[in-house]
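# Working through the structure, step by step
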Amino acid sequence: MSEVKLTAETRTEFGKGAARRIRREAKVPAVVYGHGADPVHIALPGHELALALRTPNVLLTLDIEGRTELAIPKAVQRDPLKGFLEHVDLLTVKRGEKVTVEVYVHTEGELAPGAYLLEHVLSTLTVEAEATHIPESVTVSIAGLEAGASILAKDIPLPAGTTLVIDEDAVVLQVLAAQAEEAPAEAEAESTEA
């Protein structure tokens, strides 16, 4: 779990025009909410925030005019063409508090020899973890698996203090036998015979 410190400025202007002005200053408009408190509208340094958001489920330590808040990204809006950050929603958390997040499933190892395909039914797992100890991802071995094998959510080893939120019998990965395509000449021969 990585923790990134950012200095935030509160905003008093709202709307498209104000958001454009903030983005022109290389900052990103954001809102911090949670724990029943009123939402706080802030502007964050764009480059530092973009680097922080490269890490899944990053924990942000925000310095909002002398007050420190811990937050995790809840929703990130990007420009669909250029990819720059348009707006970020942040959820405040406390040390020791459990939060529900999605973590990526990574595989290691090689399937058994043969024409097999690995299907990722779920690319992420929904888990509950302490806000300061959120895993970036989980890793599962697929070494030697053959067609028909599947890995369920309960089969994936989770770090200590992390629990599954989804159905433990949900299929996460499955191994399929590759199907050979019919040669074009054989297909034509079969269609003329019919």
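Up top you'll find the structure we're talking about.
From a predicted model like this one, the values you see are computed outputs, not experimental measurements. (Residues numbered from 1 in each chain as written. Predicted model: local features only at pLDDT ≥ 70, side-chain atom pairs only at ≥ 80, totals over all residues. Heavy atoms only, no water.)

### Considerations on the overall build of the protein chain
Scanning the protein chain for helices and strands turns up three helices and 13 strands. A compact globule built from 194 residues would reach a C-alpha radius of gyration of about 16 Å, whereas the protein chain, at 23 Å, exceeds it by more than 25%. Dimensions of the protein chain, computed from the C-alpha atoms along their principal axes, are close to 80 × 45 × 25 Å. The buried share of the protein chain, taken over its 194 residues, is 32%. A separation threshold of at least 6 residues defines the contact pool for the protein chain, and within that pool the share at least 24 residues apart is 63%. Counting only carbon and sulfur atoms, one obtains 49% of the accessible surface of the protein chain, whose full area is about 11500 Å². (Helix = DSSP H or I, 4+ residues; strand = E, 2+ residues; numbered from the N terminus. Rg over C-alpha atoms; globule rule 2.2 N^0.38 Å. Buried < 20%, exposed > 50% of the residue type's maximum accessible area, 1.4 Å probe, protein only. Contact = heavy atoms within 4.5 Å. Areas by Shrake-Rupley, 256 points an atom, 1.4 Å probe, with all protein chains shown as cover.)

### Here's the deal with the pattern of salt bridges
One pass over the structure, following the stated rule, counts five salt bridges. Note that R21 is salt-bridged to E13, the shortest N-O span being 3.4 Å. Note that K154 is salt-bridged to D169, the shortest N-O span being 3.1 Å. Note that K154 is positioned in the loop between β11 (150-152) and β12 (163-164) and D169 in the loop between β12 and β13 (171-177), a separation of 15 residues in sequence. Looking at K154, the relative accessible area reads 44%, which means it is partly exposed. The structure contains a network of salt bridges with shared partners spanning E9, E25 and K27. (Salt bridge = Lys/Arg side-chain N within 4 Å of Asp/Glu carboxyl O.)

### Remarks on helix α1 (residues 16-24)
Those residues of α1 that sit buried are A18, A19 and I22. End-on, the buried residues of α1 take up no more than an arc of 100 degrees, which puts them together on one face. For α1, exposure combined with an orientation more than 90 degrees from the buried face picks out K16 and R24. Along its buried surface, α1 packs onto β2 (27-34) and β3 (37-45). Two residues or fewer past α1, A26 is found with a positive phi of approximately 65 degrees. (Arc of directions from axis to C-beta.)

### Some words on the sheet that holds β13
Pairing within the open sheet is antiparallel, and its three strands lie in the order β8-β13-β11. The open sheet has two free edges, formed respectively by β8 (116-120) and β11, since each of these has just one partner strand. With strand direction ignored, the average angle separating the axes of adjacent strands in the sheet is 10 degrees. Sheet topology places β11 next to β13; three bridges connect them, and they run antiparallel. Its bridge partner being in β13, L152 is matched across the sheet by V171. (Pairing = 2+ DSSP bridges. Axes fitted to C-alpha atoms, helices over the stretch in contact; angles between N-to-C directions.)

### Thoughts on the side chain of T132
For T132, the position within the fold is in the loop between β9 (124-130) and β10 (137-141). Using a relative accessible area of 13% as the deciding quantity, one classes T132 as buried. Side chain to side chain, T132 and E130 meet in a polar contact 2.9 Å long. A polar contact is formed between the side chain of T132 and the side chain of H133, at a distance of 3.4 Å. (Polar contact = N/O pair within 3.5 Å; in protein donor to acceptor, adjacent residues only side chain to side chain.)

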